[in-house]
Amino acid sequence: MGNKSVTSYEVARRAGVSQSTVSRALRGDPRVIESTRERIRELAREMGYVPHVTARSLITQRSSSIAVVSGDLRNPSYPTLVNTLQDKFAQHDYRVLLMSDRTEGTLEKDILALRGGLVDGVVFISSRLDSPMVSEMIDWKIPLVILNRDVDGSQAGRVDRVTSDNVRGGRLVADHLVEMGHRRIGLVSGPLENPSVKLRESGLRERLAEHGVTIDDSLVYRGAVDASTGFEGGMALLGRSEPPTAVFCATDFMAYGTLDAAKRLGVRVPEDVSVVGYNDLDASGWSMFDLTTVRQPLEEMAAAASELLLARIDGAAGAPVHRNFDVEWVQRGSAGPVKDR
């Protein structure tokens, strides 16, 4: 039989049980004994029965779907987060709808769809600063978790957030670079309106100041949080007559671009310049990058975000939660002591 012609009532009739028992068995409801659940599942497979998603949604008043709103998937940190979220939600029988926080196109329709019950909740991981999606979802009380980025003060107390300790991460960079003898330090960073970037940079500058070191404004290159900014910043800073002895990049993705610029300019890493990133993406440990960085536990953070969102979907009350994960320094070959030039 084709699955379009098979209904749960036919499965129930063949199994000798009620239609509601079939529905419960296929959902894994423990009220149906295990042997009966398995017999119904096997019969449903044999008959080619597939539960109708729309019909189930009418009964449960849930879509069994969760939206993950991501930024540019060319940034390797996003697939890491998305893959973990998808695995965690699948364990609870939720499908993941991946949406782009685009600057144009169907953004307005996407927001209306989210408000209209397309999904039961949203995890927002885009770093785009001018996105209207966050404020819209908060105002409409859609279950929402912000992951791997922060929000400004006016929204911080209204939404669940999962971040890493960006200030401490910046301080770790300052401590280790100063310990290695670096005093002329460059910075390749993103917009200061980005809360995560701002916190990393403030931690760096504050701790450097405690060491008696300041960053020359001429050694700061700012742009979008992507590899092209890292490359352009690397070309600009390392091509100077007096280049920095170390460059901190606000993300690993940016650092990859800076390492590429150093290679093209014939600047040796770390003999001529130390390069430090932030995230500890999988590729950062590859020999072609060998990137010294600050590790934030992206997979653990994504798992925590999934737990928070599932709790909100299930009606958890209480004030919004902020989980702030610790970070650690990861020493590799792209950073070392200052060498005489």
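Residues numbered from 1 in each chain as written. Predicted model: local features only at pLDDT ≥ 70, side-chain atom pairs only at ≥ 80, totals over all residues. Heavy atoms only, no water.

**As for the overall build of the protein chain**
Of the regular secondary structure elements, the protein chain holds 13 helices and twelve strands. A total of 341 residues make up the protein chain; the buried ones form 48% of that total. Counted over contacts in the protein chain with a minimum sequence separation of 6, partners at least 24 positions apart contribute 71%. With the model as given, the accessible surface of the protein chain reaches about 16600 Å², and the carbon-plus-sulfur share is 49%. (Helix = DSSP H or I, 4+ residues; strand = E, 2+ residues; numbered from the N terminus. Buried < 20%, exposed > 50% of the residue type's maximum accessible area, 1.4 Å probe, protein only. Contact = heavy atoms within 4.5 Å. Areas by Shrake-Rupley, 256 points an atom, 1.4 Å probe, with all protein chains shown as cover.)

**Concerning the packing of helix α2 (residues 19–27) against helix α3 (residues 34–47)**
Close contact between α2 and α3 brings their axes to 9 Å; oriented N to C, the two are set at 95°. The orientation of α2 with respect to α3, classified from their angle, is roughly perpendicular. Within the contact between the two elements, α2 uses T21, V22, A25 and L26 and α3 uses R37, I40, R41 and A44. A breakdown of the residues in the contact of α2 with α3 according to their chemical character gives five nonpolar, one polar and two charged. (Axes fitted to C-alpha atoms, helices over the stretch in contact; angles between N-to-C directions. Parallel < 35°, antiparallel > 145°, perpendicular 65-115°, else oblique. Nonpolar A, V, L, I, M, F, W, Y, C, P; charged D, E, K, R; others polar.)

**Details of empty space enclosed by the protein**
Across all of its chains, the model carries two cavities of 30 Å³ or more by this definition. Estimates place the volume of the second largest cavity at around 40 Å³. Along the wall of the second largest cavity there are eleven residues; nearest its centre are T245, E271, D272, V338 and K339. For the lining of the second largest cavity, the residue count by class is four nonpolar, three polar and four charged. (1 Å grid on protein atoms, 1.4 Å probe; cavity = no way out; pocket = protein on both sides within 12 Å on 5 of 7 lines; lining within 4 Å. Points joined across faces, edges and corners; volume = space filled by probe spheres on them.)

**Observations regarding helix α9 (residues 166–179)**
Here α9 is 14 residues long and its end C-alpha atoms lie 20 Å apart, about the 20 Å a rise of 1.5 Å per residue gives. Looking at the residues trailing α9, positive phi occurs at G181, about 95°. (Expected span 1.5 Å × (residues − 1).)

**A few points about the nonpolar core**
Membership of the largest hydrophobic core comes to 44 residues, with the highest contact counts inside it found for L85, F89, V123, I125, L147 and V162. The dominant element in this core, judged by the number of residues it contributes, is helix α13 (residues 298–313), at nine residues. Non-local contacts of V123, meaning those with residues more than four positions away in its chain, are made with A67, V68, V69, L85, F89, V145, L147 and L309. Formed by 20 residues, the second largest nonpolar core is a distinct cluster that contains L177, L187, L204 and V276. (Core = buried A, V, L, I, M, F, W, Y, C linked by side-chain atoms within 4.5 Å.)

**Comments concerning the confidence of the model for the protein chain**
Averaged over every residue, the pLDDT of the protein chain is 86; residues scoring 70 or more account for 85%. Note that pLDDT drops below 50 for residues 57–61; the model gives that stretch two contacts with residues more than four away or on any other chain. (pLDDT = per-residue confidence, 0-100.)

**So, the pattern of salt bridges**
The full count for this structure, using the stated rule, is 16 salt bridges. Put simply, D175 and R207 hold a salt bridge, and the shortest N to O gap is 2.7 Å. Here D175, found in helix α9, pairs with R207, found in helix α10 (residues 195–210); they are 32 residues apart in sequence, far enough to count as distant. A salt bridge links R207 to E210, with the nearest nitrogen and oxygen atoms 3.0 Å apart. Taken together, the positions of R207 and E210, both in helix α10 and three residues apart, correspond to about one turn of that helix. One connected set of salt bridges, linked through shared partners, spans E38, R41, E42 and R45. (Salt bridge = Lys/Arg side-chain N within 4 Å of Asp/Glu carboxyl O.)

**Details of the sheet that holds strand β6 (residues 185–189)**
One open sheet accounts for four strands, arranged β7-β6-β8-β9; its pairing is parallel. Looking along the sheet, the strands with just one partner apiece sit at the ends: β7 (220–222) and β9 (274–276). Pairwise comparison of adjacent strand axes, ignoring direction, gives a mean angle of 15° for this sheet. Bridge analysis of β6 against strand β8 (residues 246–249) gives four bridges, and the strand direction is parallel. If you follow G186 over to β8, its bridge partner there is V247. (Pairing = 2+ DSSP bridges.)

**Comments concerning helix α1 (residues 8–15)**
Looking only at α1, the buried set comprises S8, V11, A12 and A15. All buried residues of α1 fall inside an arc of 100° around its axis, so they share one side. Set apart from the buried face of α1 by more than 90 degrees, the exposed residues are Y9 and R13. Close packing links the buried residues of α1 with α2 and α3. (Arc of directions from axis to C-beta.)

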